[in-house]
Each structure stands twice: as C-alpha cells, then as structure tokens.
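Report on the structure
Here's the letter readout for the chains.
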Amino acid sequence: MKNSMKAVRIFEYGSPEVLRYGDYEQPSVGPHDVKVKVLATTISRFDIKYRLGLLSSVALPGRKGFPMPMQLGRDAAGIVEAIGSDVTAFRVGDRVVGLTSPANPMSAMSMMGLGNLSTDIDLPGHTMYGSNAQFVARPESYWLPLGDDVSMVDAAAAMWAYATAHRALINRLNAQIGDTLLIIGASGGMGSATLDLANKMGIRTIVTTRSPNSVSYLNECGASDVIVIGPKTNLAEKIGVLVGKLGLDAAIDYSGDAAMLRLCVDVLRPGGRLAVIAGEQNRDPMPINVEDCIRLELNIYGCRGSNISDQQAVVKLLGEKKIKPAVAAVMKLSEISIAHEMLENGNVNGRIVLEPWA
C-alpha cells in the first residue's frame, strides 16, 4: 500500500485476538496538525476495557461516545515528521510527547480551571485514533516539546500515569507532607506513579497486594508499608496496627472494587479524603452511606485525567531526572496481543511500552 504504516486497530470487541496488526494508510496532515513518527507508545487497563466493550455504554458529559473501529493508545513520544501550513510551535525533527488529556480552551469547564473535563474535544485512543501506530497526526496543541535527555520510553510510560497521579495528589486530595496515604492498585502504572510522587512529597504510603512477589517491587517504588492479602487477612486491622486508632489521612482507589472502596472508608480518619480513579464502567452503587459521610465528615473526590499544567509538570520532572517511571516490559508493536494478555491477566508491575519501529 502506498504511503502505508504499521498500526493496530480493533473492529470488534473481544479477546486480544481482535487486535489487528497490519498495514494501514498513514494519517493526513491538516493545516494545524503535527505528524509524529511514534517511537514509543503504551497499553493501559483503559485499553483492555475498551477492547472488551466495557466502555461502550459509558457517557462522559460533553464528549462523544467511544467509537468502533478504534486505534488504541493514549501515550505517544516521538519525532516530528511533518507539520501543517499553519503550525508555528514545532519544526520537523523536534522531539515531542503527546498530551494524554488535551483541553478545549473555549470550553466552559476549561474557563473554570477544569481543562481535564473539557467538552467538545477528542482524546487520543478514546474518540480519535490513538498511538498504537508508526505515525499519528494531531493538532499542534496536542503536543509538548521533549528534552534531548529524556528517553522516549520514559516519556511514553510517564505521561498519563504521572499526570493523573499528580492531579490526584495535588488538586483532589490536597496531600501534605506527613500525610499517611493508602493506595489500592499500587502495582499498576498509575499506582506506581502515585507511589513515586507521594514518596518525593514526604507522604507515608501504605499499599496492598495479593502477590508476595510484588513486595520488593512496591518497596522499590517507594511504599512505606506493604500488606500482602491472604485468604484470612483482616486488612482494616492490619492498617489499624500501622496507623493507630485515628486512621488514615487519605486513600486513592485504582481498582473500582466495592470491597476496597469500603475498606478505604473504614480506615480513614474523621475529615479523611478519598479519591476514586477507576471503575467508570461499574454502575453498581458505592458502598458508602449517609452515616459515613456525616460521621467522618468524609470527603470523596472523583478524578478524571489531568490538566495541561499537570502534564507540563511531568515533562519538567522527567527533564530534571526527578521521576523514573516503572516499566514492566518494552515490546514490539507487533506483540501487542501478548502485551494485552499479560496486562489483562495481572502479570504486570508497572507499564508496558510498545515500540512501533522495533
């Protein structure tokens, strides 16, 4: 095929076998677009849920539904291949990283400082083709410059995970030095990013895992205390021993599991803060009642994506070598079905990065 590229697309919901790696036409470049040769991209649990059809009925305010077919992949790092006639911010050959949560500056939500909740905008791998391809073309406002000393793998692995964690800690939970924070789902990409940032902020972190093999990994990511969940483990009791009767200052849940959400409430102190960052496909009621809210003066925060300032902070931290994303594996784009299977089966600590040109 003339002007072709290797990419992965899905045309139906199902198992990893529905991921179609092959030759597709390269994207066209509009006057405001930047075309990038993608050197590193990722897969995420969002991609797994998309592929399985779990998001087909999810509706976000002011956003389109999740279409099919789709080219997944939220993260992208690479080299500018071509620019549109009206592009002023970038030149061919520039190193760039994609915004995982671009904003519509004219949206009422952006004007209120909530660009992550912008309406009338397309997000990569959500409502516009993502980065699981050798080339992508997006508006120049969807890209940030990347320093020469930041690896493409690190940039792709860090962007979505660290930016979301940054917003959760700083903006939603108002985390402070000396806080004690419980993280549910700490082994994944966002969990490990949260651990890393919290550790650097002087926050004590308590995490849980069902795998004894993950203990050393979680400690390396900065966990202060790791609790291994066994068949008879009383998590609330274990956490109580670590923090005392008053309870935790804050908790972040990346699991969307009702039992874990209930645990978070049970171990929070009065005035405690809970951030919920997963399980958008779960329509079941939260296991929290009015009495919980009043008794604890409980603060519950949803968290969806990040603001551009959070993403700029991640690029700055990468350039200053202050963060190092946990990368479980670097694989070829052609191995994406294997990568999906690994992540879906829970055999991954950290992020899986794909190299489309390997």
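Here the structure is a predicted model, which means the values were calculated and not measured.

Digging into the overall build of the protein chain
- Check the secondary structure of the protein chain and you find 10 helices and 15 strands.
- Against the globule reference of 21 Å for 358 residues, the protein chain gives a C-alpha radius of gyration of 20 Å, in line with a compact fold.
- Dimensions of the protein chain, computed from C-alpha atoms along their principal axes, come out at roughly 65 × 40 × 40 Å.
- Relative to its full complement of 358 residues, the protein chain shows a buried share of 54%.
- For the protein chain, contacts bridging at least 24 residues in sequence account for 70% of all contacts bridging at least 6.
- Only carbon and sulfur atoms are counted for the fraction: they give 53% of the accessible area of the protein chain, which is about 15,400 Å².
- Seen as two clouds, the 35 positive and the 36 negative side-chain charges of the protein chain have centres 1 Å apart.

Comments concerning the packing of aromatic side chains
- The tally for this structure, following the rule as stated, stands at five aromatic pairs.
- Measuring from centroid to centroid gives 5.8 Å for Phe46 and Phe66, while their planes differ by 65°, and the two rings are edge-to-face. Here Phe66 lies in the loop between α1 (45-52) and β4 (76-83) and Phe46 lies in helix α1, a separation of 20 residues in the sequence.
- Of the residues examined, Phe46 reaches a relative accessible area of 9% and is grouped as buried.
- Take Phe66: its relative accessible area is 11%, and that puts it in the buried class.
- Grouping aromatic residues by their ring pairs yields a cluster made of Phe46, Tyr50, Phe66 and Trp160.
- Sitting above the plane of the Phe135 ring, Lys35 keeps its charged end 4.8 Å from the centroid.

Side note on the nonpolar core
- Judged by nonpolar contacts, the single largest core of 48 residues is most densely connected at Val97, Leu181, Leu195, Ile252 and Val314.
- Among the elements that take part in this core, helix α3 (residues 152-172) stands out by supplying 13 residues, more than any other.
- Here Leu181 is in contact with Leu169, Leu173, Thr194, Ala198, Ile203, Arg204, Thr205, Ile206, Ala250, Ala251 and Ile252, once residues within four sequence places are set aside.
- The next biggest cluster of nonpolar side chains, apart from the first, holds 23 residues, and it includes Phe46, Ile48, Met70 and Ile336.

What to know about unusual backbone geometry
- Of note, the amide linkage connecting Met68 to Pro69 takes the cis form, showing an omega dihedral of 5°.
- When you line up the elements, Pro69 lands in the loop between α1 and β4.
- Here the phi dihedral of Asp120 falls at roughly 55°; this positive angle occurs in a residue that is not glycine.
- Counting through the fold element by element, Asp120 comes out in the loop between α2 (108-111) and β6 (135-139).
- According to the relative accessible area criterion, Asp120 is exposed, its value standing at 65%.
- Unusually for a residue other than glycine, Asn174 sits at a positive phi of about 50°.

Overview of the pairing of strand β11 (residues 248-253)
- With six of its six residues buried, β11 lies for the most part within the structure.
- Here four bridges tie strand β8 (residues 180-184) to β11, and the two strands are oriented parallel to one another. From the neighbouring strand, Leu181 faces β11, where its bridge partner is Ala250.
- Pairing of β11 with strand β12 (residues 268-276), which is carried by five bridges, proceeds in the parallel orientation. Looking across to β12, one finds that Ala250 is bridged to Arg273.

Re the pattern of salt bridges
- Taken as a whole and assessed by the stated rule, the structure comprises 16 salt bridges.
- One salt bridge connects Glu291 with Arg295, and the closest N-O pair in it is separated by 3.2 Å. You can see Glu291 and its partner Arg295 sitting in helix α8 (residues 290-296), four residues apart, about one turn around the helix.
- Overlapping salt bridges, with partners in common, bring together Arg262, Asp266, Glu291, Asp292 and Arg295 in one network.

Focus: the packing of α3 against helix α9 (residues 308-319)
- One can describe the packing of α3 onto α9 by two numbers: an axis separation of 8 Å at closest approach and a directional angle of 130°. Accordingly, the angle class assigned to the pair α3 and α9 is oblique. Crossing angle aside, the handedness with which α3 passes α9 is right-handed. Mapping the contact onto sequence places Asp154, Ala155, Ala158, Met159, Tyr162, Ala163, His166 and Arg167 in α3 and Asp310, Gln311, Ala313, Val314, Val315 and Leu318 in α9.

Concerning α9
- Its 12 residues place the ends of α9 17 Å apart at the C-alpha level, agreeing with the 16 Å of an ideal helix rising 1.5 Å per residue.
- Buried within α9 we find Asp310, Gln311, Ala313, Val314, Val315, Leu317 and Leu318.
- Considering only its buried residues, α9 is in contact with β5 (95-98), β7 (143-145), α3 and α4 (189-200).
- Of the residues trailing α9, Lys321 is marked for its positive phi of about 60°.

The rules behind each value
- Residues numbered from 1 in each chain as written.
- Predicted model: local features only at pLDDT ≥ 70, side-chain atom pairs only at ≥ 80, totals over all residues.
- Heavy atoms only, no water.
- Helix = DSSP H or I, 4+ residues; strand = E, 2+ residues; numbered from the N terminus.
- Rg over C-alpha atoms; globule rule 2.2 N^0.38 Å.
- Buried < 20%, exposed > 50% of the residue type's maximum accessible area, 1.4 Å probe, protein only.
- Contact = heavy atoms within 4.5 Å.
- Areas by Shrake-Rupley, 256 points an atom, 1.4 Å probe, with all protein chains shown as cover.
- Lys, Arg positive; Asp, Glu negative; His and termini not counted.
- Charge placed at Lys NZ, Arg CZ, Asp CG, Glu CD.
- Phe/Tyr/Trp six-rings, centres within 6.5 Å; stacked < 30°, edge-to-face > 60°.
- Lys NZ or Arg CZ within 6 Å of the ring centre and 35° of its normal.
- Core = buried A, V, L, I, M, F, W, Y, C linked by side-chain atoms within 4.5 Å.
- Pairing = 2+ DSSP bridges.
- Salt bridge = Lys/Arg side-chain N within 4 Å of Asp/Glu carboxyl O.
- Axes fitted to C-alpha atoms, helices over the stretch in contact; angles between N-to-C directions.
- Parallel < 35°, antiparallel > 145°, perpendicular 65-115°, else oblique.
- Left-handed = near helix turned anticlockwise from the far one by under 90°.
- Expected span 1.5 Å × (residues − 1).

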